[in-house]
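# Analysis of the macromolecular model
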Amino acid sequence: ETGVTQSPTHLIKTRGQQVTLRCSSQSGHNTVSWYQQALGQGPQFIFQYYREEENGRGNFPPRFSGLQFPNYSSELNVNALELDDSALYLCASSPGGLAYNEQFFGPGTRLTVL
Amino acid sequence: LAKTTQPISMDSYEGQEVNITCSHNNIATNDYITWYQQFPSQGPRFIIQGYKTKVTNEVASLFIPADRKSSTLSLPRVSLSDTAVYYCLVGDPFSGNTPLVFGKGTRLSVIA
C-alpha cells in the first residue's frame, strides 16, 4: 500500500508568481485536505476535497485554489505569491469525508517565496 | 471550535514516562480528543484518539477524566526517537466539514 506522496519536495519562487503543488492520496482514500505550516506553528487548514468537490475551506484568500481528480489525487494552486506564503504545505488523505477520522499526511512541499 | 492549551515544551530523559496534558474547557458533547506526532520536516502522524476514560494502543495511552475538560497523553519509556512535536486536537469525527485545528503543540525533547 503506497502512502501519501507530494511533489515537488522543495520549491523556490519569487513574489507574484504562481505555483502548483501535487498530492497523491493513499490507496482507497477519497478525501484530501491541504494545510499550510509556517515555521514554528501548527498546520493551518486550507481546504478539503471529497469526491472531487470542495468540502470545507479555512481562512485563506481565493488565490489559494485546488482540484481533486477522479483518481483522488489533488493539486493546490497559489496565485500572486506573497512572501508570507513561504511555508511547508502538507497534504493529508483519509478514507471518508470526516476530518477527525485518522488522516494520513504526506511529507510536505517546502515553498520559499523570495 | 474547541480551543486546546498545551505546554509549549517539555524535556525528558530516555526511559522515563512522559505525560503531556491538554486543556479543552469548551469541548462539545460530540467531540473526540485526538493526538498527532510530528517529526521535523515530516507531516503529522496520528497517534491516538479517545472520547472518555482510557484508551491504549501500542504507542501511547490517553487518559480522559469524567468532565472531559482535559486529557493526558502518556508515552511509556521514551527514547531519543520520540523527540517531536505533539498536537492535541478536539473535534467531532462524525461531522464532515469540521477541519482539524492544530495549535502550536508541545515540543518534547528526549535527552540521553
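Here's what I pulled together on the structure shown here.

About the thresholds
Residues numbered from 1 in each chain as written. Chains lettered and ligands numbered in written order. Predicted model: local features only at pLDDT ≥ 70, side-chain atom pairs only at ≥ 80, totals over all residues. Heavy atoms only, no water. Pairing = 2+ DSSP bridges. Helix = DSSP H or I, 4+ residues; strand = E, 2+ residues; numbered from the N terminus. Axes fitted to C-alpha atoms, helices over the stretch in contact; angles between N-to-C directions. Contact = heavy atoms within 4.5 Å. Buried area = accessible area lost by both parts, 1.4 Å probe. Salt bridge = Lys/Arg side-chain N within 4 Å of Asp/Glu carboxyl O. Polar contact = N/O pair within 3.5 Å; in protein donor to acceptor, adjacent residues only side chain to side chain. Nonpolar A, V, L, I, M, F, W, Y, C, P; charged D, E, K, R; others polar. Buried < 20%, exposed > 50% of the residue type's maximum accessible area, 1.4 Å probe, protein only.

Before going further, it helps to examine the sheet that holds strand 8 (residues 74–78) of chain A. Residues and elements named next belong to chain A. Sheet architecture is open: four strands sit in the order 1-3-8-7, paired in antiparallel fashion. Whereas interior strands pair on both sides, the edge strands pair on one side only; in this sheet they are strand 1 (5–7) and strand 7 (64–68). Each adjacent strand pair in this sheet contributes to an overall mean axis angle of 20°, direction not counted. Bridge count for strand 1 against strand 3 (residues 19–24) is three bridges, and the pairing is antiparallel. Bridging from a neighbouring strand, glutamine 6 pairs with cysteine 23 of strand 3.

With that out of the way, let us pick up the interface of chain A and chain B. Listed by partner, the interface residues are 21 residues for chain A and 26 residues for chain B. Carbon and sulfur atoms supply 54% of the area buried between chain A and chain B, which totals about 1,900 Å² over both sides. The tally of links between chain A and chain B comes to zero salt bridges. Applying the counting criterion to the chain A and chain B interface returns five residue pairs in polar contact (both at pLDDT 80 or more). For the side of chain A that touches chain B, the secondary-structure elements that each account for two or more residues are strand 4 (31–37), strand 5 (44–50) and strand 6 (53–57) of chain A. Per-class residue counts for the side of chain A that touches chain B are nine nonpolar, 11 polar and one charged.

Our next topic: the pattern of salt bridges. All names here are of chain A. All chains considered together, the criterion is met by four salt bridges over all chains. The partner of arginine 22 in a salt bridge is glutamate 75, with the nearest N and O atoms 3.5 Å apart. Of this pair, arginine 22 sits in strand 3 while glutamate 75 sits in strand 8, placing them 53 residues apart in sequence. Of the residues examined, arginine 22 reaches a relative accessible area of 42% and is grouped as partly exposed. A residue is classified by how much of its surface remains accessible, and glutamate 75, at 15% relative accessible area, is buried. Between aspartate 85 and arginine 63 there is a salt bridge; the shortest N-O distance is 2.8 Å. Placement of the pair is aspartate 85 in the loop between strand 8 and strand 9 (87–94) and arginine 63 in the loop between strand 6 and strand 7, with a sequence separation of 22 residues. This pair shows no difference in class: aspartate 85 is buried, exactly as arginine 63 is. Shared partners join several salt bridges into a network, and the residues in it are Arg63, Glu82 and Asp85.

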